[in-house]
Amino acid sequence: MCGIIGYIGNRQAVPILVDGLKKLEYRGYDSSGVGIIPSSDEGVVVKADIRKTHGKIQNLQDLIRTKPLPQSSLGVSHTRWATHGAPNRVNAHPHADCSGRILVVHNGIIENYEQLTQALCKKGHKIISETDTEIISHLIEDAYRGNLLAAVVKAIRQLKGAFALGIISSDHPDMLIAARVGSPLIIGLGKGENFIASDVPAILDYTKRIIYLKDRQLAVLKEDGVRVYNFEGKSIRVKADKVSFKVDAVQKQGFAHFMLKEIHEQPEVLQRMIKTRLKGNKVILDGLNLNERQLKSVNKVFAVACGTAYHAGLVGKYVIEKLTGIPVSVDAASEFRYRNPIVDKKTLIIAISQSGETADTLAAVREAKTKGAKVVSICNVVGSSLVRESDGVLYTHAGPEIGVASTKAYIAQIAMLCLLALKMSSLKKFVKEKTRKKILKDLKHIPTLYRDILRNKADIARIAKKNSHFGCFLFLGRNINFPSALEGALKLKEISYIPAEGYAAGEMKHGPIALIDEYRAVVCIAPRSSVYEKMISNMQEIRARKGKIIAIATQGDEAIKTHANHVIYVPPTDELLTPLLVALPLQLIAYYIAVQLGCDVDQPRNLAKSVTVE
Ligand code: M6R
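Report on the accompanying structure. These figures come from a predicted structure and were not determined experimentally.

The rules we used
- Residues numbered from 1 in each chain as written.
- Predicted model: local features only at pLDDT ≥ 70, side-chain atom pairs only at ≥ 80, totals over all residues.
- Heavy atoms only, no water.
- Salt bridge = Lys/Arg side-chain N within 4 Å of Asp/Glu carboxyl O.
- Buried < 20%, exposed > 50% of the residue type's maximum accessible area, 1.4 Å probe, protein only.
- Helix = DSSP H or I, 4+ residues; strand = E, 2+ residues; numbered from the N terminus.
- Expected span 1.5 Å × (residues − 1).
- Contact = heavy atoms within 4.5 Å.
- 1 Å grid on protein atoms, 1.4 Å probe; cavity = no way out; pocket = protein on both sides within 12 Å on 5 of 7 lines; lining within 4 Å.
- Points joined across faces, edges and corners; volume = space filled by probe spheres on them.
- Nonpolar A, V, L, I, M, F, W, Y, C, P; charged D, E, K, R; others polar.
- Pairing = 2+ DSSP bridges.
- Axes fitted to C-alpha atoms, helices over the stretch in contact; angles between N-to-C directions.
- Near = heavy atom within 4 Å.
- Polar contact = N/O pair within 3.5 Å; in protein donor to acceptor, adjacent residues only side chain to side chain.
- Sits in = over half its atoms within 2 Å of the grid points.
- Phe/Tyr/Trp six-rings, centres within 6.5 Å; stacked < 30°, edge-to-face > 60°.
- Domains from an automatic or database assignment.

In this section: the pattern of salt bridges. All chains considered together, the criterion is met by 31 salt bridges. As a salt-bridge pair, Lys-22 and Glu-25 come within 4.0 Å of each other at their nearest N and O atoms. The class of Glu-25 is buried, set by a relative accessible area of 5%. We note a salt bridge from Lys-438 to Asp-442, for which the minimum N-O separation is 2.8 Å. Of the two residues, Lys-438 and Asp-442 both sit in helix 14 (residues 433-455), four residues apart, roughly one turn of that helix. When its relative accessible area of 16% is taken as the criterion, Asp-442 is described as buried.

Another aspect to go through is helix 9 (residues 307-324). Over its 18 residues, helix 9 runs 25 Å from end to end, which matches the ideal 26 Å to within 8%, given 1.5 Å per residue. What helix 9 keeps buried is the set Thr-308, Ala-309, His-311, Ala-312, Gly-313, Leu-314, Val-315, Gly-316, Val-319, Ile-320, Leu-323 and Thr-324. Gly-325, located one to two residues past helix 9, shows a positive phi value of around 75°.

On to the environment of Val-404, then. Relative to the assigned elements, Val-404 resides in the loop between strand 22 (392-395) and helix 13 (408-428). Judged by its relative accessible area of 8%, Val-404 falls in the buried class. When near neighbours in sequence (up to four residues on either side) are disregarded, Val-404 contacts Tyr-26, Tyr-29, Glu-494, Asp-602, Gln-603, Pro-604, Leu-607, Ala-608 and Lys-609.

Scanning the model with the defined rule gives two cavities of 30 Å³ or more in all. Considered as a void within the structure, the largest cavity measures approximately 90 Å³ in volume. Lining the largest cavity we find 16 residues, and of these Cys-2, Thr-83, His-93, Gly-108 and Asp-132 sit closest to its centre. For the lining of the largest cavity, the elements supplying multiple residues, two or more each, are strand 4 (72-80) and strand 6 (102-110). Here the element with the most residues in the lining of the largest cavity is strand 6; it accounts for three residues. Considering only residue class, the lining of the largest cavity consists of five nonpolar, nine polar and two charged.

With antiparallel pairing, the eight strands of this open sheet are ordered in space as 3-2-4-1-10-9-11-15. In this open sheet, the two strands that pair with only one neighbour each are strand 3 (49-54) and strand 15 (241-242). Alignment of strand 1 (residues 3-8) against strand 4, held across six bridges, turns out to be antiparallel. Pairing of Ile-5 across the sheet is with Ser-77, part of strand 4. Lying on the sheet, helix 1 (residues 13-24) is in contact with strand 1, strand 2 (31-38), strand 4 and strand 10 (194-197); it crosses strand 1 at an angle near 155°. Here helix 2 (residues 57-66) sits on the sheet in contact with strand 2, strand 3 and strand 4, set at roughly 135° to strand 3.

Attention shifts here to the site of the ligand. Within the structure, the ligand sits among 13 residues, and Ser-353, Gln-354, Ser-355, Thr-358 and Glu-494 are positioned closest to it. Contacts to the ligand include Gln-354, whose backbone N or O atom sits 2.7 Å from an oxygen atom. Here the ligand occupies the second largest pocket. Looking at the shell around the ligand, the elements with two or more residues in it are helix 9 and helix 16 (482-496).

This part takes up the environment of Ala-48. For Ala-48, the position within the fold is in the loop between strand 2 and strand 3. Here Ala-48 falls in the buried class, since its relative accessible area comes to 15%. Residues Ala-48 and Glu-501 lie 453 residues apart in sequence; the distance between their C-alpha atoms is 50 Å. Once residues within four sequence positions are removed from consideration, Ala-48 is found in contact with Ile-36, Ile-37, Pro-38, Gly-100, Arg-101, Leu-103 and Ser-170.

Time to look at unusual backbone geometry. Residue Pro-94 is reached from His-93 by a cis peptide bond, and omega for that bond is 0°. When you line up the elements, Pro-94 lands in the loop between strand 4 and strand 5 (95-96). Located in the positive-phi region is His-397, a residue other than glycine, with phi close to 45°. Structurally, the position occupied by His-397 is in the loop between strand 22 and helix 13.

This model, assessed by the stated rule, comprises seven aromatic pairs. Their ring planes at 90° and their centres at 6.3 Å tell us that Phe-470 and Phe-473 sit as a pair that is edge-to-face. Of the two residues, Phe-470 and Phe-473, neither departs from the other in class, the shared state being buried. Taking the centre distance of 5.1 Å and the plane angle of 75° together, the rings of Tyr-591 and Tyr-592 count as edge-to-face.

Once that is clear, we can look at the layout of surface pockets. Of the volumes computed, that of the second largest pocket is approximately 520 Å³. Lining the second largest pocket are 27 residues, with Cys-306, Gly-307, Thr-308, Lys-609 and Val-611 sitting closest to its centre. For the lining of the second largest pocket, the secondary structure elements donating two or more residues are helix 9, strand 20 (347-353), helix 11 (359-370) and helix 16. Ranked by residue count, the leading element in the lining of the second largest pocket is helix 16, at four residues. Residue classes in the lining of the second largest pocket are distributed as 10 nonpolar, 11 polar and six charged. Viewed by domain, the lining of the second largest pocket spans two of them, domain 2 (252-454) and domain 3 (456-606), each represented by three or more residues.

Following this line, the structure appears as structure tokens:
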């Protein structure tokens with residue numbers, strides 16, 4: 001939700017800032033801007049300069065081309081996902097104070113901005129935007145007595161809410177200040193140059209040495225060094241980490257879209273997980289941070305997550321309950337803390353998140369922790385806020401996911417939940433060892449099956465394109481593939497904007513069947529399973545009402561052709577693992593329909609990759 005990058009060093013800042021924004025564009029893309037302090041000869045007073053505009057970063061690039069910025073080696077930039085105020089030029093960041101000397105970029109929400117605005121206006125400050133950000137530059141101006149750091153400390157101590165900030169001033173052309181509460185911010189350490197950014201990909205071309213700024217920490221970056229402080233202004237020692245992912249992990253590598261690339265990475269993602277997490281039939285859950293006694297004593301599980309991660313949690317419910325007999329509740333994280341959940345010391349909270357920065361998931365975790373529950377996160381981003389607030393973490397290590405539509409993170413989350421369930425079941429001895437071994441054997445085989453499905457992706461593309469004219473889609477599944485139906489519908493609607501609903505197939509007759517006619521497409525997830533016959537009955541009900549059916553079925557199931565207009569086959573596997581397999585055609589259906597309709601697959605309208613506001 002909004003991306004920030006800042007630079008101080010010995011190179012030209014503008015290309016680095018704009019290039020970095022491109023890599024953060026997945027975080028928001030409704031407007032963007034760059035602010036710099038021009039380079040000058042010693043003693044010469046310079047003015048800060050800004051270029052900003054509505055729309056995608058391409059618009060900003062065009063603007064800078066027609067109206068170039070002066071030479072500079074100090075600047076901040078921002079790509080926005082609007083919360084307060086329309087996505088236009090005035091509301092785009094950076095925001096300046098009255099004098100135009102102090103520039104601020106911000107990710108997060110300032111909750112008390114209205115109060116602060118009134119107080120600042122009374123003092124004569126002129127606030128020109130509708131944002132909650134602009135007041136920060138005025139607060140700093142108000143507190144400034146020649147020491148920028150002291151003024152920033154004084155200003156941010158008045159803020160309530162979440163923020164990651166980048167601040168520069170023309171009075172201090174040797175300094176870039178960063179601060180964070182709640183919203184992610186990293187510092188990149190270079191040679192003769194330093195960076196701030198919302199996420200690693202923005203600066204990966206320049207450095208792999210990263211400081212993950214913690215909540216209520218500030219940093220002063222100079223060309224030749226970085227000092228970190230707490231909000232009392234006291235200097236603190238911090239350790240830099242070396243990030244392991246490669247530059248090409250954040251490039252499209254010949255694929256038309258990041259989403260397609262990430263779909264193709266899924267076999268390797270699972271292969272990697274299986275290699276590190278399975279030793280023979282033993283599940284290794286390094287990072288879980290719960291001993292066998294603690295794990296055995298768990299008598300209730302809550303999964304909390306949002307969006308696609310929530311759907312992974314729903315799949316996890318079926319798997320954990322089936323293999324361990326422990327009841328599992330799955331909550332949309334945004335709802336969890338409002339319903340006074342019954343949580344105690346024997347409750348295990350599984351927080352699932354690709355980014356580890358989703359504000360709703362973090363809030364749910366905080367609520368559970370106040371009630372004494374143990375929190376284990378299933379997360380993709382190393383060192384994220386969620387990981388830091390959890391008692392244990394099971395990293396999915398799926399690599400950076402850039403496409404806004406989550407794909408490889410989803411299948412990695414499901415696979416991790418399966419591994420956790422298998423581990424817990426070995427302790428609880430709830431199912432026969434033979435059953436566990438069979439599931440493990442099938443799980444190890446999934447990467448190969450993925451490759452088989454991907455080899456036939458041209459067939460899926462053909463079916464998707466043929467059905468892309470439908471103005472409404474239903475996705476139906478039963479039992480463990482009910483969450484698959486929800487996920488299939490979410491994927492389609494978020495990237496193609498076609499209204500799509502996921503339903504438990506048995507629920508269809510309680511209302512949604514009213515929608516069915518020859519103008520509706522229905523994706524029926526019907527692999528061979530304990531509910532196969534019931535799915536067939538539902539398909540017949542749809543056919544009887546002239547609905548058009550795309551079935552996802554198990555290879556060898558010729559009979560299903562008589563009930564469907566199109567059939568996409570997946571190889572056979574254990575029923576509990578079928579959500580892993582059907583995810584692939586569902587992702588590809590959404591992808592090819594969106595491409596056919598000319599939609600912006602990687603950056604769908606109104607969305608952002610990580611949602612760091614509530
Ligand atoms: O980073 P997270 O996994 O916590 O994000 C949760 C959702 O915002 C995310 O899954 C969202 O629904 C995706 N755009 C779905 O493709």
